Structures are given as C-alpha cells and as structure tokens.
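Observations on chain architecture
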Amino acid sequence: MIHSDIMVSDPSKSLFRRINIYLIGSLIALNLIGLVNLLSATTNIARHLRGVFNDQMIWISLGWLLIFFITAIGYRVFIRLAYVIYALNILALIAVMVIGKSSYGAQRWIDLGFFNYQPSETMKLAMILVMARYLSRFDPRIGMDFKDLLIPGLLIGLPFALTAKQPDLGTALLILMVTGLMLLTMKIRFRVLLSALCLALIAGPVVWKVGLKPYQKNRVLTFLYPNRDPRGAGYNSIQAKIAVGSGQIFGKGFRNGSQSQLEFLPEKQTDFIFCVLSEEYGFLGCIATLGIYAILLLSIIQTMIMARDMEAALMCVGIFALILWHVFINTGMVTGLLPIVGVPLPLISYGGTSTLTIMAGLGWVSSIYFRKDMFG
Amino acid sequence: MRLNIIHESYNLKELHKRGIVLYIFLAVLFSLVLMRLVWLQIIQGDTLYAFSEKNLLKEIRVQPPRGVIFDRFGRILAENLPNFALTLSPQYIKNTEDLAEHLSPIIDIPAQDITHEIKKSIRQNGNYRPVVIKNFLSWTEINKVELLKLDFQGIDIEELIFRSQPYKDLFAHALGYIGEVSSRELPRLQEKGEIHVQQGDIIGKSGLEDRYDSYARGVPGISFVKVDAKGREALGESLKFLGHIDDLPPKHGDNLHTTLDLDLQQAAADAFKKTEYTGALIAINREGEILALYSHPTFDPNDFSKGITSQKWSSLVNNPSKPLRNKAIQDHLSPGSTFKPFVALSALQTKKISENSLVSAPSAFRFGNRTYHDHTQTGQGSITVTQAIEMSSNVFFYKQGLAVGVDTIAQYAKALGLGKLTGIDLKNEAPGLIPTTEWKKLNRGEPWQEGENLNIAIGQGYVNATILQLANAYMAIAMNGKVYQPRLINKVTNPRGDTIQEFPALLVTDLGDESKPYYISAENFKVVQKGLYRVANGEHGTARSSKIPNFIIAGKTGTAQVRGFSADEIYKSCYVRPLKQRHNGLFIAYGPYETPEITVAVLTEHSCSSSKSVPIVRDFYQSYVAKYHPDRLSKTKDMK
C-alpha cells in the first residue's frame, strides 16, 4: 500500500531504462530485413501486386503505433477484458462461418472495406489472454491435474473446432501448440502428459480417417512420400529446397536469386519468403536472421522472468510460443522439415493481419517490461 | 488477502524459474532448423546451386490414355489417337506479337488469332499454363516449328492424346464426350476424394465417359525435364535429383465393355435418318442390357475432344431440336395409349374385368358434365380387353380407369418401373411421374378429381414416362412381370485385360411373387400379351404395318399430346398446330412373341401420329432378325 509512486520516480528507472532495448532493436531489425526482402521478392511480380511493398510499410507503421499505444495504456486492461475479448472473437469466428457459407468454399475473413479482418488471427491473441488470466490462479510447483485442465480444454477446444471447421487447420494447430506450451510452462502432472500422449496416439488415426479433408491428407502424404504427387505440394517443396540450398554460404546477392526471380517459387512474398532470403543471402544471412529472432525471443523470456504478476508472465509465455512456433513451422516447411502449411514468417512475410497480430503481441510484452517494477 | 498475495508471489517466483522450459524449446527447435540449413546450404549447397543455375526443373503432366470403350462384341467405340499439338508457354514468351507473326504462316492461323488465344489464356489461367494453339500438326508443320524453336522461347510440340469415337455421332448420347475439367468441377471432384485431378486434366463430361469416369480416366503421370534458365528444354541424361524425383508414368484408364451392339445402333440411326422426325430409340434385352440407345438429332463427340469452338457450342445449345439431350432417358413425356396395357393389367388383376368380359365402347363417353371422345368417330361396339388394346379404344379404358382408380393403377405401374428412376448407368435420367391421390394432395394441394382417372387411363394428365422406362416395363410384361435394371456396361477390365468389375443382371421387382401387393398372375399377363400381339398382327391392329416375315412382334402404339390435359382434344387437327405443340408418336414392341428376346421403344417427336414410329421399329427389327436370326431370313427367301 506504500510504494508505487516512489518506484516510478526513482531516477535509476528512467523512461529509457523501462524500455526493453533488445526487444525493440530486434524488432526494428526484422522489419528492415522483411522490407528489403519484399523488394526482392516483388521485382517481376504481376502489376497489381506492386503495391505489396507500400502496403507492408503501412502495416509496419500501424504496428508501431499499436506498440506505443499498448505500452501507454498498459496490459492490465487486456487481462481485465480477457473473457469479453475471447467471447467477441468467438462470435466473429461464428459470423465468418455463417457468411462464409454463402460463398464458395472456405472463407476466413470479414470484409471491413479497408481491411479483410481474419478472426482466426486475432483468436490466437485472445487465446493467449484468456489462458493467461485463467492459468494465473494455479501453483506452478504442483502442476496441473486432470480436473484443472477441464476449463482450459473447453477454452481451447471451442476456437480449435471453429477454425478447423473453416477449414484452417494451420491456425487450429497453432492455437493448440501455443496454449500447449503455456500449459507446459505452468507444469503439467506427468500422468496427465502420459495420458495425453496415449490419447494422441489413439486419436491420430481416427482424425486421419474422418477429420481431414482430402487436400489436407494429400499434403501430409506428399510430405512423407514426395514422389507421390510431385506436381503439387511436392513440386513446391522441391523448388523451395533448391532455392534455400543454392544460396550456399554467402548467397547470390540482392535480387540475384534465380529461383526466386524466375518465378519457380509459389507465394514467395508470403509463406515462402524465407526462400528468397536464404537464396540471396545464404547461410550467413539465415544465421543472422535466426539470430535476430533468437534475440527477440530471449528478450521475451527476459521480460517474462521480470514480470510482476502471473498474468503478465503467462502472456509473455504465450507471445513467445506464438512467435517461436510460427518461425519454426515456416522455416521448417520451406526447408522440407515439415509438410507445407500456410503459416507466415512473423514480421518478414507480407500480410497485414499477421504483421499487426505479432506486433500487438509484442506491444503487450513491451508494456509488461515497462511496468515490471511497479506495484499495482 | 495478504496471505493470498504472498502465495501468489511464491507462485510467480516459481513461474519465473519455469522460464527454463522456454529456453529448452527455443534451443531445440532452432537447432533443428540450423542443422537443416547446414545440410541444405553447406553440405548439399553445390548440387543445389548447380540445379538452380543451369538445370531448372520443369515438370510436365502427362495425360493418361483413357480406357477403351467396346461394344458387346469387342468392337472399339472410343479409343485414343496420338495428337502432336503446338503449345506456347506464356511465361517464356518475350514478344507475343512477334512470335505470332512468325508462327502464322507455318500453321496457317492468322497472327491476331494467335495473340488473342495467348492473351485470353493468360487472363483466364495465368502465365504458367501452356496454351494449345493447334492440334494435329502435320510432319511439315512439325519440322518448321522445330526450326522456329531455335529463335523463340516458349514454343513446344507436345504429344497429346486425342479421344476419338470412330463412329462419330453414332454413340454420342450413350458414350458422351470428354473435356478439360472446369474450375467449377474441380473442387467438387476433390471433395469426392478424387485428389489426383488437377486443372488441365481431361474428364468425362457426359454419357458413359462421365458415369464411369473414375474407371476410364486413369492417373496422369509426371515427367520432369531439365530446362535452361530461359525455359528451353535442355538435352542431357535423365534427371535424378536427390533420389526424390523420378518420372511418374501415367496409369492407363480401365476399359469399358458396353452392352451395345454396333450393328443395331447403326440400324437405329439409319431407320431414323429415313424419316424427317427427331426423337429416340432404345432397345433392351431380357436381362436389362441395352443393345441400342440412339437419340436424334445427334452430335459428334470428337468436336469436344478437339476443344469445341464457341460457334459450334452455341449452335448445339441453341438448336431447337436439342441435339445434346439424350431424349431416350432425359425427356419424360405423356405415354398416351402406350399406358393402356398397365390399366388393362390393373383391371384384370383387380377382377373388374376378365379376359372375355364384353364392354361397350361407343365413340364418346359422358362423365360429369363433360363428354370424353374416342379417337374414332364410330366407336368399337362391345369389345373384350384384347380387342380394346388392339384398337386402342379410349372409352373402354375410360371405364376401366374409373372402375380401378388411380392409386391401384399407380401401384402396378410403379412396380413395373414407371414413375421412378430405372437406375440406368447414365446421369441425368428423368424419373417420370405416376400420380396418386396422395401425390396430388402433397404437390398440388388439391384432392383428386374422379374425372382425372379418365385422363390417367389413356396415359395423359399427370402421367409421365421416359421411353427407357416404357421399354423396360414392356420387356417385363413380356416376361410375366420380371423387371430388370437397365444397364449399358457389362464389365470393366484393366489395361492388361483382367476383369476388375462385373455388372451382372439385376432383378429389381418380380410381379409374379404372390406374396407382394403388386402381384399379377401369369394368366393376366398372358391376356395383355395377346392384346399386344393383336396390335401388331390383328386385322384392326394399330401397328399391323409393322409385320415382318417369320418374326412376330407384339407391342402398343401411342399418340400422346404434348400440351393441355383434356382427353377429348387429343386427336384434333394436329398438323395445323405449331411444331412444338404437335403430338408425339410412340411405339413400343417386343419380339419374338413366343420367346421374347428384345424390346424396342421409339419416340418420334411432334410427328402427330404413332404411325410415324412404327416403320422405325419395323426397320430396326428387320436388322435384328438379319443379325440374330439369319435362319428366319433365309426361310423368307426360300418362300419367294
């Protein structure tokens, strides 16, 4: 009941000291790498895509505004509103399903005029919030038991089902993996882990039989047996591998990647952007980029360790998981470690929703670091 | 409260420690990616660099040959011919106009047409889809194009497969046509699990080519060719990359063995071409095998294999005689008097009449406050049921219709396969309609009027049937009530010739089964068969002109109005009406009478009279006898 103002006025905690410079620095670096790469990826792309670079500049600027705004208002607001945000997002997902029915096939967005709002993207953030709020009551020394996981299971299951139904299996799995890492960090009893593993082994074949659309099965099979369908995903995967590998150690240089420039790569400004980077800047470029990601992720862990409450720490874990999984799945897919899934590379791939989501999440982290020494 | 805060701060400290989990995940996942990068960029870097620099991969989807379609004696009805086609790949073309100027004189296509085709394809399919500019290149054209390839990028000569029906328009409706899968069909096929189908693949679009597409289509192969950085094919040893890419040969489609008989199909077409009428013929045997299925006018499916021009397509679609429709199965129409045998069977089985009951059949019949007419001015006097069928008396059947009632007639007619899909192995079959009182209440919201029984009794009003259904039902009448499912395919064999699926005869309903509500005794079938015999052979028979020597047929004619429901208007002044309002002529006949083998149904559209269909049936039977009973034919010669 004493100290909040004193701490803020402590001269050693100047405004500058309250900013996580590793976070901000690595973020700026990734933005720059992304933009330079985009210039390269869009040289001879069809005319209507020339706006890609300008668009991305706008998204990044908006992202920075978001970071400042969130840092200013603080993260507690979000925690307080966690369940409301979660519920609204679920409603938006349902709305997309209803609207999506009228058009052909899968629809994942709502047209807001200036922007195609994709509720499944913001759902990732809402999921982190609601889990942070709910899990904060548990004791990480004991570990979570079956009964503790009932409500988190429901909270995860609903958006999982809704996004999987769209069908957007990539996002659905990401929701599962991000929340999974949060739960793991909170500690899960061994017997629970063991049962989950058994369940997965049993459920796997069932999901394969009834849960997956033919095209999804096709992607997995193609990954396992590239010879099976060398035209479709197999072909992309092979071309991507050639692009990455041909960069060798030093790369071919800016706009000199023959694979990238000769249009052998699909979606090269979005999901396959890492190909352009590794072809043109080689192993060194990849190491540097991954290194910067590592700095960003480490700065999030650093913030998490300094967080002043459970919710804040858990939010950091969630954002960490979000970025780590995106980076791993994207680079893994491009290099042939994983099947082809439509997952963007955070902060480097072109795309408004992805850029804004990640930067909003980093806004939370920044805000948590900003308030790490306050009592409230 | 205080305790809670302390508790929570302990929790928080513990959670901070758990940051180790995050360090571990970060380290493991990033190491995996790093190791993979080392493998690809450092260890395999040289190989992959060479690929990207000199040897770009271009993959070509190799279309599989579709299965061959045979007639019942193994004669080829649809096959595959080689087609050397000139294709252009827009992604490699530098100057479209320049290329078109140079190509134009070689292949004799105006330069602006070539540029137009290229631009259209880019608009519709993007840069990566090659455009077929000309099919069936001659050897001189191929040589000249090969020379041009040295100066221009993006030109290719592809060996494609041409799906050919050697008898051109003869089997158009039975076999159908093929074409490139459309962007609307593609997602539907993939939903059904046909994951191999991709844009540019050839699929069956109608007829058997469509219905049995999953058998006949085969699986496309992939061939990888090395191309230099400019997209030209590079010569050299066949490509093996990391052991991952081998050429994948296409898998041939399976062969379809139809029940059709080329000679009979030809006879059907010839018989139709002698007349001026449009319409259809279907011939079906005791086991439901369809021997001939012909719809007139017809079209040439080879035009579709070539890639149909928009003029040709619109002329087919806008032709008022609707050549693309399979009139034998898609058009359901009033059966008219051909429905009378079903009414006769109902009346006999429900004992409203017996074989020898005499019923007076004057020229008009008054019911309610309306007069219903016969098609004769005089009427037929007192007649039995067989005579009524022979002369096609309307008044006789008006009376039976009233006595039996619509629901009982419907029960027997439906058991004989009318008013529902026969299950023929073609898509878009029309189900026809046999009304009941319940049907009318449900669909029209009105109760059944007794007067409507009169219309039903002579096959007008709501009654609708395809000639396929009628042929199948008459075959069943000839066999004392055994209804088989009609079919066009006997078996499917793989390219090596092994049978992979057989489609045996399928008995759908047996009206001779006494335990069933629709049971009809063999005696009653005999009575109606006698009536049908007299139609073609009696001195008053409406189809007595159909007689052929040594081969007795039995059947029923029908002249069915196209519009309006009132029975008394049927026979008025047909020829003065606009064509589309004139009556349809029908004749359905089985033969030989003693041991029925085959039933033929013929529709002549808007011919005003069944007598226009009779000669077509007769011609067809003459060909049938010539082929299947040549002994009877020689007897005639001896007699002469």
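Preceding this paragraph is the structure being described.
How each quantity is defined
Residues numbered from 1 in each chain as written. Chains lettered and ligands numbered in written order. Predicted model: local features only at pLDDT ≥ 70, side-chain atom pairs only at ≥ 80, totals over all residues. Heavy atoms only, no water. Helix = DSSP H or I, 4+ residues; strand = E, 2+ residues; numbered from the N terminus. Buried < 20%, exposed > 50% of the residue type's maximum accessible area, 1.4 Å probe, protein only. Areas by Shrake-Rupley, 256 points an atom, 1.4 Å probe, with all protein chains shown as cover. Core = buried A, V, L, I, M, F, W, Y, C linked by side-chain atoms within 4.5 Å. Domains from an automatic or database assignment. Contact = heavy atoms within 4.5 Å. 1 Å grid on protein atoms, 1.4 Å probe; cavity = no way out; pocket = protein on both sides within 12 Å on 5 of 7 lines; lining within 4 Å. Points joined across faces, edges and corners; volume = space filled by probe spheres on them. Nonpolar A, V, L, I, M, F, W, Y, C, P; charged D, E, K, R; others polar. Pairing = 2+ DSSP bridges. Patch = residues over 30% accessible without salt bridge, like charges linked within 9 Å, V, L, I, M, F, W, Y side chains within 5 Å. Salt bridge = Lys/Arg side-chain N within 4 Å of Asp/Glu carboxyl O. Axes fitted to C-alpha atoms, helices over the stretch in contact; angles between N-to-C directions. Parallel < 35°, antiparallel > 145°, perpendicular 65-115°, else oblique. Left-handed = near helix turned anticlockwise from the far one by under 90°. Phe/Tyr/Trp six-rings, centres within 6.5 Å; stacked < 30°, edge-to-face > 60°. Expected span 1.5 Å × (residues − 1).

Helix and strand counts for chain A come out as 15 helices and 2 strands. Taking all 376 residues of chain A together, the buried fraction comes to 55%. Accessible area for chain A stands at about 15,900 Å²; split by element, carbon and sulfur atoms hold 70% of it.

So, about the nonpolar core. With 121 residues, the main nonpolar core has Leu281, Phe339, Phe620 and Tyr621 of chain B as its most contacted residues. Sorting elements by how many residues they give to this core places helix α20 (residues 467-478) of chain B first, with 10 residues. Here this core spans two domains, and each of domain 2 (58-257) and domain 3 (325-481 + 520-629) of chain B adds at least three residues to it. Setting aside chain neighbours within four positions, we find Phe620 of chain B in contact with Leu264, Ala267, Ala268, Leu281, Ala283, Ala292, Ile598 and Val600 of chain B. Of all hydrophobic cores here, the second largest spans 111 residues; its members include Leu296, Leu322, Ile329 and Trp364 of chain A.

Attention now moves to empty space enclosed by the protein. With a probe scaled to a water molecule rolled over the atoms, the places where space remains empty come into view. All names here are of chain A. Enumeration according to the criterion identifies 2 cavities of 30 Å³ or more in this entry. If you trace the second largest cavity, you find it lined by Lys124, Met127, Ile128, Leu174, Ile175, Val178, Thr179 and Leu322. At the level of secondary structure, the elements contributing two or more residues to the lining of the second largest cavity comprise α6 (119-135) and α8 (169-186). It is α8 that provides the largest number of residues to the lining of the second largest cavity, a total of 4 residues. Residue classes in the lining of the second largest cavity are distributed as 6 nonpolar, 1 polar and 1 charged.

All names here are of chain B. Pairing of strand β13 (residues 364-367) with strand β14 (residues 370-373), which is carried by 4 bridges, proceeds in the antiparallel orientation. Note that in β14 the partner of Phe365 across the bridge is Tyr372. Hairpin connection of β13 to β14: 2 residues between the antiparallel strands, including Gly368 at a positive phi of 65°.

With that out of the way, let us pick up a nonpolar patch on the surface. Residues Leu298 and Ile305 of chain A together with Ile20, Tyr23, Ile24, Val28, Leu32 and Met35 of chain B make up a contiguous nonpolar surface patch of about 690 Å² in total accessible area. Looking at the nonpolar patch, the elements with two or more residues in it are α13 (273-306) of chain A together with α2 (19-43) of chain B. Among the secondary structure elements, Ile24 of chain B is positioned in helix α2. Ile24 of chain B sits in the partly exposed class, given a relative accessible area of 48%.

Further remarks concern the packing of helix α4 (residues 96-107) of chain B against helix α6 (residues 139-148) of chain B. All names here are of chain B. Packing of α4 against α6 leaves a shortest axis separation of 10 Å and a crossing angle of 165°. Classified by the interaxial angle, the pair formed by α4 and α6 is roughly antiparallel. Of the two elements, α4 crosses α6, and the hand of that crossing is right-handed. On α6, the residues touching His102, Leu103, Ile106 and Ile107 of α4 are Glu141, Lys144, Val145 and Leu148. For the contact of α4 with α6, the per-class residue count stands at 5 nonpolar, 1 polar and 2 charged.

Now for the sheet that holds strand β20 (residues 554-560) of chain B. All names here are of chain B. Across the sheet, 5 strands lie side by side as β11-β10-β22-β21-β20; this open sheet has antiparallel pairing. If you trace the sheet from one side to the other, it starts and ends with β11 (290-296) and β20, each paired once. Ignoring which end each strand starts from, the neighbouring axes of this sheet average 5° apart. Contacts from helix α11 (residues 262-273) reach β10 (279-285), β11 and β22 (598-604), with the element oriented near 30° to β11. Along the sheet, helix α22 (residues 614-628) makes contact with β10, β11, β20, β21 (584-591) and β22, crossing β22 at roughly 145°.

Moving on, we get to the pairing of β22 of chain B. Residue and element names in this part refer to chain B. Taken across its 7 residues, β22 has 7 buried, putting it largely inside the fold. Side chains Ile598, Val600, Val602 and Thr604 of β22 all project onto a buried face; the interleaved residues Thr599, Ala601 and Leu603 project onto the opposite face, where all are buried too. Sheet analysis places β10 next to β22, joined by 7 bridges and oriented antiparallel. Looking across to β22, one finds that Ala280 is bridged to Leu603. Bridging between β21 and β22 involves 7 bridges; their strand directions are antiparallel.

Right, let's get into helix α17 (residues 406-415) of chain B. Residue and element names in this part refer to chain B. Those residues of α17 that sit buried are Val406, Ile409, Ala410, Tyr412, Ala413 and Ala415. Tucked into the core, α17 has its buried residues touching α14 (340-349), α16 (394-404), α18 (437-444), α19 (452-457), β16 (482-484) and β19 (507-510). Following α17 by one or two positions, Gly417 adopts a phi angle in the positive range, close to 100°.

The subject of this paragraph is the packing of aromatic side chains. Here the structure, examined in full by the defined rule, presents 28 aromatic pairs over all chains. Aromatic side chains Trp325 of chain A and Phe25 of chain B sit 6.0 Å apart centroid to centroid with 80° between the ring planes, which places their arrangement in the edge-to-face category. Here Trp325 of chain A is found in helix α14 (residues 310-334), whereas its partner Phe25 of chain B is found in helix α2 on a different chain. Considering the side-chain rings of Tyr624 of chain B and Tyr628 of chain B, the 4.7 Å spacing of their centres and the 20° angle between planes classify their relative orientation as stacked. In this pair, Tyr624 of chain B and Tyr628 of chain B are both assigned in helix α22, 4 residues apart and thus about one turn of the helix distant. Of the residues examined, Tyr624 of chain B reaches a relative accessible area of 4% and is grouped as buried.

A few words on the pattern of salt bridges. All names here are of chain B. Summed over the entire model, instances satisfying the criterion amount to 37 salt bridges over all chains. Its salt-bridge partner being Asp263, residue Lys627 comes within 2.5 Å of it at the nearest N-O pair. One end of the pair, Lys627, is in helix α22; the other, Asp263, is in helix α11, and 364 residues separate them in sequence. Note that Lys530 and Glu355 form a salt bridge whose closest N and O atoms lie 2.9 Å from each other. Separated by 175 residues along the polypeptide, Lys530 in helix α21 (residues 522-537) and Glu355 in the loop between α14 and β12 (359-361) bring together distant segments of the chain. You can call Lys530 partly exposed: its relative accessible area is 38%.

Turning next to the packing of α14 of chain A against α2 of chain B. Contact pair α14 of chain A / α2 of chain B: the axes reach a minimum separation of 10 Å and the direction vectors enclose 10°. Here α2 of chain B runs roughly parallel to α14 of chain A, going by the angle between their axes. Across the interface between the two elements, Val317, Phe320, Leu324, Trp325, Val327, Phe328 and Thr331 of chain A from α14 of chain A touch Leu22, Phe25, Leu26, Leu29, Phe30, Leu32 and Val33 of chain B from α2 of chain B. Here the contact of α14 of chain A with α2 of chain B is composed, by residue class, of 13 nonpolar, 1 polar and no charged.

All names here are of chain B. Looking at where Pro592 falls in the secondary structure, it is placed in the loop between β21 and β22. Counting along the chain gives 29 residues from Pro592 to Tyr621, while the straight-line C-alpha distance between them is 9.7 Å. Excluding its chain neighbours within four sequence positions, the residues that come into contact with Pro592 are Phe551, Ile552, Glu597 and Arg632.

This part takes up α20 of chain B. Residue and element names in this part refer to chain B. Between the first and last C-alpha of α20 there are 16 Å, a value that for 12 residues agrees with the 16 Å anticipated at 1.5 Å per step. Summarising burial for α20: 12 of the 12 residues are buried, a large majority. Phi turns positive one or two residues past the end of α20, at Asn480, with a value near 55°.

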